[in-house]
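# Residue-level structural notes
As a plain string of letters, each chain reads:
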Amino acid sequence: MSKPPSTLLLVEGRDDEYVVKSICGRMQIGHIDEIRSEHNLHSSDKEPPRGKEALLIALPNYLESRGEELTALGVLVDADDHLGSSWQSIIRTLHQIGYADLPEHPDPAGTVIPPPQKAIQPPQPGDIDISPLGDTNPLPLPRVGIWIMPNNQLGGTLEDFLKFLVPEGDPLLPYAEKTLNDLPAERFTSAHRPKALMHTWLAWQNEPGKPYGQAISAKYLNTDLPMAKTFAKWLRRTFFDD
């Protein structure tokens, strides 16, 4: 039986997982015990929730079923079109579990929320303003880090974050954008345009078509740029600072 993780990062999918692993490796950040990109939900639906929706639904269970080993939990999701909705969903869950003094807005440098000072007690009959979930687990709650792609301020996705890592002055990125603009027809939705842009740009590198994580390892994407450094600092504050 594998040892329960003391550090756990929840992400939407495999691309996020490999990007984080590659950044941790390139920038020598440290080892996160587990990066989980699949959030198995028991559902009678033919197509159960996936990605961000599944992560947000499963988040209360990750916290309620924590073991004593868990000291830090990270949550990494896309803002998509509504950064506020993603943020409020996470903050609502943390409030219901027992976290206090929660910020109204994401920290542009990545949010890190310390655990409550006191152990959370199970709801008692007659208590006022009992949270809908409560928390019957007597073990200490972990520190929680939140990063909303791309940069905790804008709508967007993982691909918009990766665009910040394209080397400054790169001549191919504007050409890739023009190529998409000049298409006679777009067979992808506007929401998928950033993905189409990044894959087009990666198709023109020395080894065409590398996945995102490998593109970081190959230095096609530059982890010396400010956005990568900000993200790395958030990872360190969430998982490795005492």
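Each value, and the rule that gives it
Residues numbered from 1 in each chain as written. Predicted model: local features only at pLDDT ≥ 70, side-chain atom pairs only at ≥ 80, totals over all residues. Heavy atoms only, no water. Helix = DSSP H or I, 4+ residues; strand = E, 2+ residues; numbered from the N terminus. Buried < 20%, exposed > 50% of the residue type's maximum accessible area, 1.4 Å probe, protein only. Contact = heavy atoms within 4.5 Å. Pairing = 2+ DSSP bridges. Axes fitted to C-alpha atoms, helices over the stretch in contact; angles between N-to-C directions. Core = buried A, V, L, I, M, F, W, Y, C linked by side-chain atoms within 4.5 Å. pLDDT = per-residue confidence, 0-100.

## A word on the overall build of the protein chain
Helix and strand content of the protein chain: eight helices and five strands. Seen in sequence order, the protein chain has helices and strands lined up from the N terminus as β-α-β-α-β-α-β-β-α-α-α-α-α. The buried share of the protein chain, reckoned over its 242 residues, is 45%. Taking as baseline every contact in the protein chain between residues at least 6 positions apart, the subset at least 24 positions apart corresponds to 71%.

## Some remarks on the sheet that holds strand β3 (residues 72-78)
Strand pairing in a sheet is mediated by backbone hydrogen bonds. Such pairs are either parallel or antiparallel. The five strands are arranged β2-β1-β3-β5-β4 in an open sheet whose pairing can be described as mixed. In this open sheet, the two strands that pair with only one neighbour each are β2 (34-36) and β4 (111-113). Taking each pair of neighbouring strands and ignoring which way they run, the sheet shows an average axis angle of 15°. Pairing of β4 with strand β5 (residues 143-149) involves three bridges; the strand directions are antiparallel. By the bridge assignment for β5, threonine 111 is matched with isoleucine 146.

## Some thoughts on the nonpolar core
With 39 residues, the main nonpolar core has Phe161, Leu162 and Phe231 as its most contacted residues. Elements that contribute at least two residues to this core include exactly α1 (14-26), β3, β5, α4 (158-163), α5 (172-181), α6 (193-202), α7 (212-217) and α8 (226-239). Counting residues per element, this core draws most heavily on α8, which supplies seven residues.

## Focus on the side chain of threonine 223
Structurally, the position occupied by threonine 223 is in the loop between α7 and α8. Residue classification places threonine 223 among the buried positions, given a relative accessible area of 4%. Beyond its immediate chain neighbours, meaning those up to four positions away, threonine 223 contacts Arg26, Met27, Ile216, Ala228 and Lys229.

## Digging into the confidence of the model for the protein chain
Summarising the model, the protein chain shows a mean pLDDT of 89, and 88% of its residues fall at 70 or more. Every residue in residues 120-133 is under pLDDT 50, and counting partners more than four places away or in other chains gives 18 contacts.

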